[in-house]
Every structure is written in C-alpha cells, then in structure tokens.
Amino acid sequence: AQSVTQLDSQVPVFEEAPVELRCNYSSSVSVYLFWYVQYPNQGLQLLLKYLSGSTLVESINGFEAEFNKSQTSFHLRKPSVHISDTAEYFCAVSHISSGSARQLTFGSGTQLTVLP
Amino acid sequence: DAGITQSPRYKITETGRQVTLMCHQTWSHSYMFWYRQDLGHGLRLIYYSAAADITDKGEVPDGYVVSRSKTENFPLTLESATRSQTSVYFCASRGGETQYFGPGTRLLVL
C-alpha cells in the first residue's frame, strides 16, 4: 500500500515571494511522482512529473520539484510566485509495475493563496 | 472536441434516485478512471477500467456501478443516491504515465 502526505493544507504567501509545498510519500516499491494543479471549478492539470533520470524536474511556468528517495519526498518549489498561481496543488504517486493500471494515490491537497 | 469531457457538469438529485455520470475521451486511451473529490480527502479512486468490458474496484466503490462497452466511454452510475455521495466526480484517462482529467461533475444529493 502507498500513501501521500501533504502536511500543509493552506499556504498563504505574498506575491513575488518564494514558496515550497511539501509532499512526503510511503511505499514499499518504486514509484512515479506527480504534481497536479487545480484552478477553481476546473479539473486537475499535470504540473510536473518524475519518472526517472534527473531528480530535479521543472514545469513550464517556473515550478520545480526534487525527488529525494532517502527522505521519500517530492517537494514543490517556486522562487517567485504570481497572483495567477493561486490554486490547489495535489501530490500523487503511482507504483512502477508493468501491466498495472498505475492507479494514482493523492495527497489531501494544499491550497496556495498568493496575496498582493 | 478533443480530450476528455464529462456530463452533466452540475446535477442535483434526491436520495434514492439513480444517477448516471458520463465520461468521454477522444484519445483511445486504454485505461480510464473515476475519482471523487471531497474536502480534506483529496481524490479517491472509485473504479477503473483497463479496456472495454474490463473494470475493477478502487478504494471507495460501494454504491457505484460502472460499465465500458466502448473504449471512449466510461459511465458511472449511482444506483440509489445517498447524501454521502454528494461530491465532485472526476473522470480521467491515462496516456503513457500521465492521467488526464475531465472538468468534473458537481453532484448534490438532497
């Protein structure tokens, strides 16, 4: 079984300040890791993912996340946030195994609110 | 329209009624999923399907039924709606290692 913990349910931050959204997971097998973003009244959009290779992955809008296997973490960071980054962010994991559905297990989400 | 769509977007029903939520994808993805989103719980998997006529239970399947007669459609039925099924329902399909989500159906059971 696998689980995902997002310790911070709400993170308020001022515009142009840096932010880190924390994600820790537990799993007995290797996993793929994802961050999804949900804007109000919309579905989830993939922000970035770690499948293999470099442990630092980046998104097109300035977010990055680093896979830390020893700490079982996949924290999301952005050096300077914008008002438009206000949204809910979900961390998710799936098992690496061929032939499976690779079901996603989600954290409970972190609401990022960027203040002017 | 390309992508994944859900209908209706909003639904109000009464306890005991049957409700069907529709999901359609245009990518011909094999895997499709239904999730419910509730405050404080993130998204929880209800059912998933590996292909037409192949479905399996997820974490919270009780009270729900699914079918998949065609690759592109994956309807979710609440056979006898209960207030605890008030939620936002998301359909997704998987391409490669990434799941792509529909816009959601907001369901209120009175």
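Presented here is a report on the structure given in the accompanying data block.

Thresholds applied
- Residues numbered from 1 in each chain as written.
- Chains lettered and ligands numbered in written order.
- Predicted model: local features only at pLDDT ≥ 70, side-chain atom pairs only at ≥ 80, totals over all residues.
- Heavy atoms only, no water.
- Helix = DSSP H or I, 4+ residues; strand = E, 2+ residues; numbered from the N terminus.
- Rg over C-alpha atoms; globule rule 2.2 N^0.38 Å.
- Buried < 20%, exposed > 50% of the residue type's maximum accessible area, 1.4 Å probe, protein only.
- Contact = heavy atoms within 4.5 Å.
- Areas by Shrake-Rupley, 256 points an atom, 1.4 Å probe, with all protein chains shown as cover.
- Lys, Arg positive; Asp, Glu negative; His and termini not counted.
- Charge placed at Lys NZ, Arg CZ, Asp CG, Glu CD.
- Pairing = 2+ DSSP bridges.
- Axes fitted to C-alpha atoms, helices over the stretch in contact; angles between N-to-C directions.
- Salt bridge = Lys/Arg side-chain N within 4 Å of Asp/Glu carboxyl O.
- Disulfide = S-S within 2.5 Å.

## Some remarks on the overall build of chain B
In terms of regular secondary structure, chain B is built from zero helices and eleven strands. What you see in chain B, going N to C, is helices and strands ordered as β-β-β-β-β-β-β-β-β-β-β. Computed over C-alpha atoms, the radius of gyration of chain B comes to 13 Å, within 12% of the 13 Å expected from 2.2 N^0.38 for 110 residues, which places it in the range of a compact globule. Oriented by its inertia axes, the alpha-carbon framework of chain B measures out at about 40 × 25 × 25 Å. Within the span of chain B, comprising 110 residues, buried residues form 49% of the whole. Intrachain contacts of chain B at a sequence separation of at least 6 include 54% that bridge at least 24 residues. For chain B, the accessible surface area stands at approximately 5,300 Å², while carbon and sulfur atoms represent 48% of it. Put simply, chain B has 11 plus and 10 minus side-chain charges, and the middle of one group is 6 Å from the middle of the other.

## A few points about the sheet that holds strand E1 (residues 4–7) of chain B
Residue and element names in this part refer to chain B. Strand order in the open sheet formed by four strands is E1-E3-E8-E7, and the pairing between neighbours is antiparallel. Looking at the sheet topology across the chains shown, the edges are occupied by E1 and strand E7 (64–66). Sheet twist, expressed as the mean angle between neighbouring strand axes with direction ignored, is 20°. Where strand E3 (residues 19–25) meets strand E8 (residues 76–78), three bridges bridge the pair, whose relative direction is antiparallel.

## A short note on the pattern of salt bridges
According to the stated counting rule, one finds seven salt bridges over all chains in the structure shown. Across the salt bridge formed by Arg-22 of chain A and Asp-8 of chain A, the nearest N and O atoms sit 3.0 Å from each other. With a gap of 14 residues between them, Arg-22 of chain A in the loop between strand E3 (19–21) and strand E4 (24–26) and Asp-8 of chain A in the loop between strand E1 (3–5) and strand E2 (10–14) connect regions that are remote in the sequence. Classification of Arg-22 of chain A by relative accessible area gives partly exposed; the value is 31%. Taking the shortest distance from any N to any O, the salt bridge between Arg-44 of chain B and Asp-38 of chain B comes out at 2.9 Å. Both residues of the pair, Arg-44 of chain B and Asp-38 of chain B, belong to the buried class. Salt bridges here are not isolated pairs; linked through shared partners, they connect Arg-36, Asp-38 and Arg-44 of chain B.

## Quick look at the state of the cysteines
All names here are of chain B. What the rule picks out here adds up to two disulfides over all chains. Disulfide pairing places Cys-23 opposite Cys-91 at an S-S distance of 1.8 Å. Taking the torsion about the S-S bond as the criterion, the Cys-23 to Cys-91 disulfide, at about -75°, is left-handed. You can see Cys-23 sitting in strand E3 and its partner Cys-91 sitting in strand E9 (residues 87–95), a full 68 residues away along the chain.

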